[in-house]
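If you want the building blocks of each chain, they are given just below.
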Amino acid sequence: MAAIVGCIVHNNGIHFDGYLSPSAGLKFEDVPTGINGIRAIPTAGLIQILLFFALVELAWMPASKYDGDYGVGYFGNDIADPDEKARKLNVELNNGRAAMMGIMGNMVAEVLTGQTMAEQYAAGHISPFGDGQGVF
């Protein structure tokens, strides 16, 4: 979900202040929107991101917990009813899957059209079935 929210925020021109890489003189606002933004990040920064993800996935919240229950509760409160807990865990897993489909669809659309999400909406290209003149 963070990926699609980050994409929407970045496409709307909202950036962190300061430098992404002070040694390279790269500011956050210098990173292009869309899928091409990954190419602007220095290699050392990409390695740091991957190492952080590895730490989270392997040590902090291991991916071997298939039920999604990491014992942190629901907004800090544990859910006592096992049926309600199972339902909420399934809802969370399905929301995560929907968010993954959303960001993948966004990336595919950017590669196919050569436009970011904001550029597609501004040009009226919001449907793959239309001619760019609206939804259908």
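Just so you know, these numbers come straight off a predicted model, no measurement behind them.

As a further point, take the overall build of the chain. Counting its regular elements, the chain contains four helices and two strands. Helices and strands appear in the chain in the N-to-C order α-β-β-α-α-α. Among the 136 residues that make up the chain, the fraction classed as buried is 15%. Considering only contacts within the chain whose residues lie at least 6 apart along the sequence, 28% involve residues at least 24 apart. Accessible surface computed for the chain: about 10,200 Å², of which carbon and sulfur atoms make up 63%.

Turning our attention to the packing of aromatic side chains. What the rule picks out here adds up to two aromatic pairs. Ring geometry for Phe 16 against Phe 28: centres 5.4 Å apart, planes inclined by 65°, an arrangement best described as edge-to-face. With a gap of 12 residues between them, Phe 16 in the loop between helix H1 (2-11) and strand S1 (19-21) and Phe 28 in the loop between strand S2 (26-27) and helix H2 (43-60) connect regions that are remote in the sequence. Taking the centre distance of 6.3 Å and the plane angle of 50° together, the rings of Phe 52 and Phe 53 count as tilted.

The subject of this paragraph is the confidence of the model for the chain. For residues with low pLDDT, the predicted coordinates do not support detailed interpretation. When pLDDT is averaged across the chain, the result is 82; 84% of the residues are at 70 or more. Mean pLDDT values over the elements of the chain span from 83, in helix H4 (residues 117-123), up to 92, in S2.

For helix H3 (residues 82-113), with 32 residues, the first-to-last C-alpha span of 46 Å sits near the 46 Å given by 1.5 Å per residue. Buried residues of H3: Ala 99, Ile 103, Asn 106 and Glu 110, and no others. Contacts made by the buried residues of H3 are with H1 and H4. Looking one or two places after H3, you find Gly 114, whose phi comes out positive at around 75°.

Residues Ile 49, Leu 50, Phe 52, Phe 53 and Leu 55 make up a contiguous nonpolar surface patch of about 530 Å² in total accessible area. Here Ile 49 lies in helix H2. Note on Ile 49: relative accessible area 37%, which makes it partly exposed.

Turning next to the environment of Ile 8. Within the fold, Ile 8 resides in helix H1. Distance in space between the C-alpha atoms of Ile 8 and Ala 118 is 8.0 Å, their sequence separation being 110 residues.

What counts, and where the lines are drawn
Residues numbered from 1 in each chain as written. Predicted model: local features only at pLDDT ≥ 70, side-chain atom pairs only at ≥ 80, totals over all residues. Heavy atoms only, no water. Helix = DSSP H or I, 4+ residues; strand = E, 2+ residues; numbered from the N terminus. Buried < 20%, exposed > 50% of the residue type's maximum accessible area, 1.4 Å probe, protein only. Contact = heavy atoms within 4.5 Å. Areas by Shrake-Rupley, 256 points an atom, 1.4 Å probe, with all protein chains shown as cover. Phe/Tyr/Trp six-rings, centres within 6.5 Å; stacked < 30°, edge-to-face > 60°. pLDDT = per-residue confidence, 0-100. Expected span 1.5 Å × (residues − 1). Patch = residues over 30% accessible without salt bridge, like charges linked within 9 Å, V, L, I, M, F, W, Y side chains within 5 Å. Salt bridge = Lys/Arg side-chain N within 4 Å of Asp/Glu carboxyl O.

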